[in-house]
Amino acid sequence: MQTTSRAIVLHTLRYNDDHLIVHLFTEREGFVPMLVRISHAAKAAVRHTLFQPLALLEVSWHHRPTAGLQRPKAARTAVMFSDLIYNGHKLSVAFFLAEFLGAALRLEPPSEVLFSYLEQSIRWLDTADKGYSNFHLVFLLRLTQYLGFLPQIEAYRQGAFFDMLHCRFTPTRPPTPHLAPEEAQWLPTLLRINYDNMRHFRLTGEQRNRFLNIVNDYYRLHLTAFPQLKSLEVLRDIYQ
């Protein structure tokens, strides 16, 4: 059965001299690994150079349910980036988020709502001309809503701990992994930040990296076999 879907490129790995293994998150089928042939032909139906981190594509393939890797029959750019692939800072964020999403979405079923959130967020980053230093934090915290472990901030009171396992605030220190009150107090603020207002929230590089570590630990607590991310250290270096 032929399937055509919008797709977001999450990971690309050289397989041999002739092929790439590419991980996509697609609107219709969710997470899809593909074997992409390397071709330099000008009129190739699938140009391997399209498969860059967070690229927004439209891909067609003959879906084989028992195949470990699907083979694309056609691919084209769905959204042409204006700045993301030319801006070194944004490109570093894109590499990090692509690796992060590759780990976080591996078991996610298809979801038009989730795909729309991802697509609109990537497009926002591409067109933003300033005020995007907190983008990755806002993006990842809001993503938890779609993955089922959004922190519940309604019950927050000053001095509360945050129980990271049960996603809730508690007046006493929980036996589970948690945030102490001095860090837990930041969560309600961070979850109220959105792309339009985040330029007004000033964080130091040290604070930004600390919150990034917390978010990373939070995902690793809730997602099975979430790996150590190679690009995490690169992003930390940017914000030092």
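Here the structure is a predicted model, which means the values were calculated and not measured.

**Some words on the packing of aromatic side chains**
Right, so step 1: Tallied over the full model, the rule gives 16 aromatic pairs.
Right, so step 2: Seen from their ring centres, Tyr-117 and Phe-139 are 5.5 Å apart, and the 10° between their planes marks the pair as stacked. One end of the pair, Tyr-117, is in helix 2 (residues 112–127); the other, Phe-139, is in helix 3 (residues 135–147), and 22 residues separate them in sequence.
Right, so step 3: Classification of Tyr-117 by relative accessible area gives buried; the value is 11%.
Right, so step 4: Ring plane angle 55° and centroid distance 6.1 Å describe the contact between Phe-162 and Tyr-218, whose orientation is recorded as tilted. Note that Phe-162 is positioned in strand 6 (residues 161–163) and Tyr-218 in helix 6 (residues 205–222), a separation of 56 residues in sequence.
Right, so step 5: Here Tyr-218 falls in the buried class, since its relative accessible area comes to 4%.

**Observations regarding the environment of Leu-232**
Right, so step 1: If you trace the backbone, Leu-232 turns up in helix 7 (residues 232–238).
Right, so step 2: Separated by 132 residues in the primary sequence, Leu-232 and Phe-100 have C-alpha atoms spaced 8.8 Å apart.
Right, so step 3: Once you skip the residues sitting within four places of it in the chain, Leu-232 turns out to touch Phe-96, Leu-212 and Asn-216.

**With respect to the sheet that holds strand 3 (residues 30–37)**
Right, so step 1: Read from one edge to the other, the open sheet built from 5 strands follows the order 3-2-1-4-5, with strand pairing classed as antiparallel. Edge positions in the sheet fall to strand 3 and strand 5 (72–77), since each of these pairs with one other strand and no more. For this sheet the average axis-to-axis angle between neighbouring strands, irrespective of direction, equals 40°.
Right, so step 2: Of the pairings in the sheet, the one linking strand 2 (residues 19–26) to strand 3 comprises 8 bridges and is antiparallel in character. Bridge assignment links His-23 to a residue of strand 3, and that residue is Pro-33.

The rules behind the values
- Residues numbered from 1 in each chain as written.
- Predicted model: local features only at pLDDT ≥ 70, side-chain atom pairs only at ≥ 80, totals over all residues.
- Heavy atoms only, no water.
- Phe/Tyr/Trp six-rings, centres within 6.5 Å; stacked < 30°, edge-to-face > 60°.
- Helix = DSSP H or I, 4+ residues; strand = E, 2+ residues; numbered from the N terminus.
- Buried < 20%, exposed > 50% of the residue type's maximum accessible area, 1.4 Å probe, protein only.
- Contact = heavy atoms within 4.5 Å.
- Pairing = 2+ DSSP bridges.
- Axes fitted to C-alpha atoms, helices over the stretch in contact; angles between N-to-C directions.

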